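# Survey of secondary and tertiary structure
As a plain string of letters, each chain reads:
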Amino acid sequence: MANVKFMGNPVQTVGELPEVGKEAPYFALTKQDLSDISLHDLKGKRVILNIFPSLDTEVCAMSVRRFNNEVADLPDTVVLCVSMDLPFAAGRFCSANGIENVITASGFRSDFGKSYGVEIADGPLRGLYARGLVILDKEGKVLGTSICDEITNEPDYEYAKSLLATE
């Protein structure tokens, strides 16, 4: 369980982030077209899991836009932007913002938040995801993780890119 803050107020998450060096926990999430995307679908690619509460907040939206622009030219890399937003809302957001280089995925019918230790257990965002990053190698092993101490802060983009630069 992680202790993070939302607007300065303490909140806790359910579970722990995946352990670095270990196989990432299996997941199946829902894409905009309502099809599933799973960890197995991403084998052979390096993966950045950009995890956040909702695209309806400016910081979350900014993280998707920034990863869309900055990671597009990294070889064999997929950015999966994961939230509890419904696939329809993610589709509208991507269409309105020209998002084409990342994949949005919803955990609305998944146990992803518990498996990855990012589901918020209490406070006003209870049930949504804390802001974090999980970076995976081509075999699905965890290269690194990061959770924002304050949910309203942006993720550490440079940390994710630096892990992939040495991979």
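Our structure is the block above this text.
Described below are features of the structure shown in this document. Just so you know, these numbers come straight off a predicted model, no measurement behind them. (Residues numbered from 1 in each chain as written. Predicted model: local features only at pLDDT ≥ 70, side-chain atom pairs only at ≥ 80, totals over all residues. Heavy atoms only, no water.)

Glancing now at the nonpolar core. In this structure, I48, V64, F67, V79, F93, V102 and I135 are the most contacted members of the largest nonpolar core, which totals 21 residues. Those elements giving two or more residues to this core turn out to be α1 (58-70), β6 (77-83), α2 (87-97), β9 (132-136) and α4 (157-166). Not counting chain neighbours up to four residues away, the residues in contact with I48 comprise F67, V71, T77, V78, V79, L80, L133, V134, I135, A160 and L164. Judged by nonpolar contacts, the second largest core, of 20 residues, contains V47, I51, V82 and Y129. (Core = buried A, V, L, I, M, F, W, Y, C linked by side-chain atoms within 4.5 Å. Buried < 20%, exposed > 50% of the residue type's maximum accessible area, 1.4 Å probe, protein only. Helix = DSSP H or I, 4+ residues; strand = E, 2+ residues; numbered from the N terminus. Contact = heavy atoms within 4.5 Å.)

Further remarks concern α2. Those residues of α2 lying buried are P87, A90, G91, F93 and C94. The arc that holds every buried residue of α2, seen down its axis, measures 165 degrees, which confines them to one face. Exposed and facing more than 90 degrees away from the buried side of α2 are F88, R92, S95 and A96. Buried positions along α2 lie against β3 (28-30), α1 and β7 (103-106). Downstream of α2 by one or two residues, G98 has phi in the positive range, about 65 degrees. (Arc of directions from axis to C-beta.)

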